[in-house]
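What follows is each chain in one-letter form.
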Amino acid sequence: MSMIAGFLLSDRIRATELGTWVEARGPDGRRAGALRFDPGLLLTPGARERLVQAVIVDRRLAESGMSGLVPIADLVTAGDEVWLLAAHPVSPTLSELLSAPAMDPASAAAVLVESAQTLAALHAAGLAHGSFHPSTVLVAEDGATLLGERGLADAVRGLPPAPERDVTAWAALARGLAATWASGSRGAAELFERAAVTATTRGLPAARDGLLAGREALPGGLISRDLLAETARRWSPPASPGGAGPQVRDEGEIATMLRVPGPTQEPVHFGPGVTPAASHGETTAEKIWRDGSRPGGPARYGMRAKKAGRARRRRAVVSAAVFALVIAGAVLAWLSVRSSPDLVVRAATVSAPKTLGCRRTATITGSLVTNGEAGRVTFQWLRSDRKEPIEQTETVPSGRTTHTVQLRWTVKGEATAKLTARLRVLSPIPQGQKIEDKATFTYKC
């Protein structure tokens, strides 16, 4: 095995349109991934600078609380090579699971709902994925859907964000899952087809809401990550042919591309009285690339930092933050409305048993779709047999985009009646929105 910037590379690889992904272990011992870019893609003028910008924007999105994207640890150079280091496993991808015989419509619905939510958030920020397809959709060990390679293909090719391409690709995915994981359920397949049509005519938020509202067409009426999580935890990617991973240069040749160098006490002269800035008028991104690929640039991995080096790195962090503010543009304008991540409930669904017999208790289950942050949620259960609502507050942990709440409803007496339980979320919800859902069951005694 070889190592790059503290990431231990394995012999498990897969090809991508950008280069080669390698399964790895991060410096903390956890599963991670490393993408070695195809050198030919980075020969276009400005490709490396655009790549740096795309990665910095993604890191700022993660820092500001956006979930649903594969977290990026660093972007580094190793000689003439460029590597993206992901602080998360990069398998299994949806393309690797499409042929899995055990997958079901509930899992397909979970993937579609969560990917639509992430894409819609990117589009609201003035961004796009740019290369959304089953090979860039990953399943985490908790069953969550994460999008990888966000903006990278557009960056190296110099293409502007095109949300409409993401929508078309999402609709194609919905139809693909209808033909595979939902092939045994006519109701589920029709639901996914309707979602595909809705996405292209009314947008991804409407398609997501349509999936949530139409979940009764799914077997058991469930949208679930359970099978996805079980499959991801057991996943073992195949080794590369020949059992040998990519060879990486000595650690001393590796430099990060994400740190802007701090000012030096004396400018470096390229001619009598001429500084680099005066002679070239370089952009900040060009300075990142120039200083990251020459001796004396940002600190190298594997070298013990001296006191002066630590001071320069502190200045570099400040400079990088300023640079990120400039290049993020519309992204940071969108993020500036919140100084710290807060819990937000975006949707709610309710399921109930179809029938209930004498002296039985019905378990009504509500599923809250959130932005993945921690906080407290306040909601009401409204039963059709009583006027007063049942108000409750629960603590929601971070790291998950769904939270389950339950109502236990015991019905007494001899009668036949249809009863309805309604779940209404009071807070925290987006301003001006009403988030609620209901489920009906028949009591027979």
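Here the structure is shown first, and the text comes after it.
In every chain, residue numbers begin from 1 and rise along the written sequence. Local features are withheld for residues below a pLDDT of 70 in this predicted model, meaning they are given only at 70 or higher, and side-chain atom pairs are given and counted only at 80 or more; totals for whole chains, interfaces and linings count all residues. Side-chain numbers come from the whole structure's heavy atoms, not from hydrogens or water.

Would you take a moment to explain the overall build of the protein chain for this structure?
Numbering of helices and strands runs from the N terminus, with a helix taken as a DSSP run of H or I at least four residues long and a strand as a DSSP run of E at least two residues long. What the protein chain contains, in helices and strands, is 12 helices and 17 strands. Accessibility here uses a 1.4 Å probe with only protein chains present; expressed as a share of the type maximum, an area under 20% marks a residue as buried, one over 50% as exposed, and anything in between as partly exposed. In the protein chain, which comprises 445 residues, the share counted as buried stands at 47%. Contacts: residue pairs with any heavy atoms within 4.5 Å of one another. When contacts within the protein chain are restricted to residue pairs at least 6 apart in sequence, long-range pairs at least 24 apart make up 69% of them. Accessible surface area values rest on a Shrake-Rupley calculation with a 1.4 Å probe, where residue burial reflects the displayed protein chains alone. On the protein chain, roughly 21400 Å² of surface is accessible, and the fraction owed to carbon and sulfur atoms is 52%.

Hey, could you run me through the sheet that holds strand β10 (residues 345-351) in this one?
Strand pairing in a sheet relies on backbone hydrogen bonds, with the paired strands running either antiparallel or parallel. On the basis of which strands lie adjacent, the open sheet formed by three strands has the order β10-β12-β15 and antiparallel pairing. Both edges of this open sheet fall to β10 and β15 (402-410), since each of them pairs with a single strand only. Recorded for the sheet is a direction-independent mean angle of 20° between the axes of neighbouring strands. In short, DSSP must find at least two bridges between two strands for them to pair. Across six bridges, β10 lies against strand β12 (residues 361-370) in antiparallel orientation. Each bridged residue has a counterpart across the sheet, and for threonine 349 the counterpart in β12 is serine 367. All axes are obtained by fitting lines to C-alpha atoms, using only the stretch in contact for helices, and the reported angles, taken between N-to-C directions, cover 0 to 180 degrees.

Help me understand the packing of helix α3 (residues 105-124) against helix α7 (residues 204-213), please; the structure alone is not making it clear to me.
A pair of packed helices can be characterised by two numbers: the angle between their axes and the separation between those axes. For the pair α3 and α7, interaxial distance at closest approach is 9 Å and the crossing angle is 155°. When the axis of α3 is compared with that of α7, the two are roughly antiparallel. Note that α3 runs across α7; the crossing there is left-handed. Contacts between α3 and α7 involve Leu112, Val113, Ala116, Gln117, Leu119, Ala120 and His123 on the former and, on the latter, Leu204, Pro205, Arg208, Leu211 and Leu212. By the convention adopted, Pro, Cys, Tyr, Trp, Phe, Met, Ile, Leu, Val and Ala count as nonpolar, Lys, Arg, Asp and Glu as charged, and the other residues, Gly among them, as polar. A per-class count over the contact of α3 with α7 returns nine nonpolar, two polar and one charged. Every angle not falling under 35 degrees, over 145, or within 65 to 115 is termed oblique; those three ranges are roughly parallel, roughly antiparallel and roughly perpendicular. Crossing chirality is assigned from the near helix's rotation relative to the far helix, an anticlockwise turn below a right angle marking it left-handed and a clockwise turn marking it right-handed.

Before we go on, may I ask you to explain the packing of aromatic side chains in this structure?
Centre distance and the angle of the planes are the two values used to describe a pair of aromatic rings. Centres within 6.5 Å are what make two rings of Phe, Tyr or Trp a pair, Trp counting through its six-membered ring; a difference in plane orientation under 30 degrees is then read as stacked, over 60 as edge-to-face, and the rest as tilted. Following the criterion strictly, the structure yields one aromatic pair and no others. Centroid distance tryptophan 409 to phenylalanine 441: 5.3 Å. Interplanar angle 90°. Geometry classified as edge-to-face. You can see tryptophan 409 sitting in strand β15 and its partner phenylalanine 441 sitting in strand β17 (residues 435-444), a full 32 residues away along the chain.

How should I be thinking about the sheet that holds strand β13 (residues 375-383) in this particular structure?
A sheet is described by the order of its strands in space; here five strands give the open sequence β11-β17-β16-β13-β14, paired in mixed fashion. Each having just a single partner strand, β11 (355-356) and β14 (390-396) make up the two edges of the open sheet. Judged from the two bridges that link them, β11 and β17 form a sheet pairing that is parallel. By the bridge assignment for β17, threonine 355 is matched with threonine 442.

What am I meant to see in the pattern of salt bridges here?
Note that side chains of opposite charge can pair when their charged atoms are close. Each reported salt bridge corresponds to a side-chain nitrogen of Lys or Arg within 4 Å of a carboxyl oxygen of Asp or Glu. Tallied over the full model, the rule gives 18 salt bridges. Close ionic contact of aspartate 437 with arginine 215 constitutes a salt bridge, the shortest N to O distance being 2.9 Å. Taken together, the residues aspartate 437 in strand β17 and arginine 215 in the loop between α7 and α8 (226-234) connect sequence positions 222 residues apart. Each member of the pair, aspartate 437 together with arginine 215, is buried. Ionic pairing is found between arginine 383 and aspartate 385, a salt bridge with its closest N-O pair at 2.9 Å. Relative accessible area serves as the criterion here: at 17%, arginine 383 is assigned to the buried category. A cluster of three or more residues bridged by salt bridges with shared partners is formed by Glu23, Arg31 and Glu141.

So what exactly am I meant to see when it comes to unusual backbone geometry here?
Apart from glycine, the bulk of residues carry a negative phi angle, and the bulk of peptide bonds sit in the trans form. In this structure, the amide linkage connecting serine 91 to the following residue, proline 92, adopts the cis form with an omega of 5°. For proline 92, the position within the fold is in the loop between β6 (81-86) and α2 (94-97). Phi is positive for alanine 5, which is not a glycine, with a value near 50°. Here alanine 5 is to be found in the loop between β1 (3-4) and β2 (7-16). Residue class for alanine 5 comes out buried when judged on its relative accessible area of 6%. A positive phi angle, near 50°, is found at arginine 359, a position not held by glycine.

What is the right way to look at the state of the cysteines in this model?
Any two cysteine sulfur atoms lying within 2.5 Å of each other are counted as a disulfide. Per the stated rule, a full pass over the model turns up one disulfide. Each sulfur in the disulfide pair cysteine 358 and cysteine 445 lies 2.0 Å from the other. Here cysteine 358 and cysteine 445 share a disulfide; its torsion about the S-S bond, 115°, makes the bridge right-handed. With cysteine 358 in the loop between β11 and β12 and cysteine 445 in the segment after β17, this pair connects stretches of sequence that are 87 residues apart. By relative accessible area, cysteine 358 is classed as partly exposed at 30%. Given the relative accessible area of 31%, cysteine 445 is considered partly exposed.

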